[in-house]
Amino acid sequence: MDDTVTEIDASMISARERCILVRRHKLHQKYAEAVELYAGSNMSVKDIAVRCGVGCKALSVYLQRYWRELMLRRHGIECRGNDPKSIKVISAGNQGLVAREKYKDAVAACDKIGYIDLNMSQIARKFGLNGTALSNFMRVHYSDILECREKLRRELGISGSKRRSAKERCANIYAEAVRLYGETDMTIGEIALRCEVSKSGLQQHLRFYHRDLLARKREMRRNAAEKVKKDKGDMTGNGRRHEPSQKIVAKYAAALDMYRNTPMTMKAIAERTGVSREGLRSYLNKWYRSLVMERSGIDPDADDTADLRRLRRRMKTVAAKYAEAIESLKHNVRPVAKVAREFGLNANVFRQYLHKHEPELIK
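Sequence order as written defines residue numbering, which begins from 1 separately in each chain. Note on the predicted model: pLDDT of at least 70 is required for a residue's local features to be given, and 80 or more for side-chain atom pairs to be given and counted; whole-chain, interface and lining totals, by contrast, use all residues. Working from all heavy atoms in the structure, the side-chain values ignore hydrogens and water.

Visitor: How would you sum up the packing of aromatic side chains? Please name residues and give values.
Guide: Pairs were defined over the aromatic rings of Phe, Tyr and Trp, the Trp ring being its six-membered one, requiring ring centres within 6.5 Å. Orientation was assigned from the angle between planes: stacked under 30 degrees, edge-to-face over 60, tilted for the rest. For the structure shown, the criterion picks out 8 aromatic pairs. Between Tyr31 and Tyr62, the ring centres sit 4.6 Å apart and the planes meet at 25°, which makes this aromatic pair stacked. Taken as a pair, Tyr31 in the loop between helix H1 (15–30) and helix H2 (32–40) and Tyr62 in helix H4 (residues 56–66) lie far apart in primary sequence, 31 residues in all. For every residue, the accessible area obtained with a 1.4 Å probe (protein chains only) is divided by the maximum for its type, and the residue is called buried under 20%, exposed over 50%, and partly exposed between those limits. What makes Tyr31 buried here is its relative accessible area of 4%. Secondary structure elements follow DSSP: runs of H or I no shorter than four residues count as helices, runs of E no shorter than two count as strands, and numbering proceeds from the N terminus.

Visitor: Hey, could you go over the environment of Val50 for me, with residue numbers and the actual values?
Guide: Mapping Val50 onto the fold places it in helix H3 (residues 45–52). Taking the C-alpha atoms as reference points, Val50 and Ala34, 16 residues apart in sequence, are found 9.8 Å from one another.

Visitor: Provide a residue-level description of the nonpolar core, including the pertinent values.
Guide: Formed by 16 residues in total, the largest nonpolar core has its most connected members in Tyr259, Ile269, Leu280, Tyr283, Leu284 and Tyr288. Of all the elements in the fold, those that place two or more residues in this core are helix H14 (246–261), helix H15 (266–273), helix H16 (277–287) and helix H17 (289–295). For this core, the element with the most residues is H14, which contributes 5 residues. Not counting residues up to four positions away in its chain, the partners in contact with Leu280 are Tyr252, Ala255, Met266, Ile269, Ala270 and Val275. The next biggest cluster of nonpolar side chains, apart from the first, holds 15 residues, and it includes Val107, Cys110, Met138 and Ile145. The nonpolar core is taken to be a set of buried Ala, Val, Leu, Ile, Met, Phe, Trp, Tyr and Cys residues, with the residues joined through side-chain atoms within 4.5 Å. Only heavy atoms enter the contact rule, under which two residues are in contact if any of them lie within 4.5 Å.

Visitor: Explain the packing of helix H10 (residues 168–183) against helix H13 (residues 211–226) to me, using residue names and the numbers behind them.
Guide: To define axes, lines are fitted to C-alpha atoms, for helices over the stretch in contact only, and angles between the resulting N-to-C directions are given on a 0 to 180 degree scale. Following both chains from N to C, one finds H10 and H13 inclined at 30°, their axes separated by 10 Å at the closest point. Our classification of the angle between H10 and H13 gives roughly parallel. When you trace H10 past H13, the crossing you get is left-handed. Two secondary-structure elements touch here, H10 through Val178, Tyr181 and Gly182 and H13 through Leu213, Leu214, Arg216, Lys217 and Arg221. Three classes are used: nonpolar for Ala, Val, Leu, Ile, Met, Phe, Trp, Tyr, Cys and Pro, charged for Asp, Glu, Lys and Arg, and polar for all others, with Gly counted as polar. A class-by-class count of the residues in the contact of H10 with H13 yields 4 nonpolar, 1 polar and 3 charged. Each angle is binned into one of four classes, with values under 35 degrees roughly parallel, values over 145 roughly antiparallel, values of 65 to 115 roughly perpendicular, and all other values oblique. Put simply, a crossing is left-handed when the front helix is turned counterclockwise from the back one by less than a right angle, and right-handed when it is turned clockwise.

So this is what it looks like as structure tokens:
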């Protein structure tokens, strides 16, 4: 369909597209005040979220998805004709555009002989920066310049005695965490929790002393991101596993049990367990598609991209609805209309069901 507004008739928009547009419009209305504050003030996303009564993380995701131009503008990044979505403020393993601009003059100074007599803290002061922050930035992104600079300062006899490698105590603290990060698919957060170490401390330790391990993990994530179809438990492009969170699993646990073991409709299950019907439908179709197909009487070998509604055969809920009437009809043959009246069913619909699923009985 042509996306030019002047050439679109409302009747040409499908029900699904219409529903998506309406939901998106409501979303924009929900965050309208927050977007206005983000565009017209220097308030942080957290402060804006508190003021507008919305979730901080949800607002951040919304801004990244629908107002990336504003985010780039706030960080002083120009699109220059490029698609805003293709410009990353921070890319894994690379310098952030904002950080690069902030430290570029200081980095250039570190690579010049005219500043060799100054230590990192002194160079940082020259450019109005924090000494520790500059040193950390150099160790992550310009370790070669830092090593050459330290070597030359030692040869000139002006180098301090500060230790540059990981302290033995720190190496021991993070040893098990580093092993788990290299040998498993656990995230840094999960490892930090298991080993009872600081997440940010572990991240920094890896960035300083295990860059080869981080590079290998980034390559694994890139390969995972390129995989079109991901099975439950597979690694994703951000290093996490393709599976629902424990919070989501707990939320739908009771509903899943009912869906698996009873003939109740999805609507009835949602009402009984107090969850959203659409949320439950999405959860089941994403993580338990084989169960949905089995309950709908669909061949489990059917194409995963197929519309399940068009492939439905004898649904478990419908079969349960007509089971008692069919059993009665088998034991006492009589007109379908009469049986339908006895069991409070629609005669025409019941008759169609019998023609489709009980042809021998209808004869």
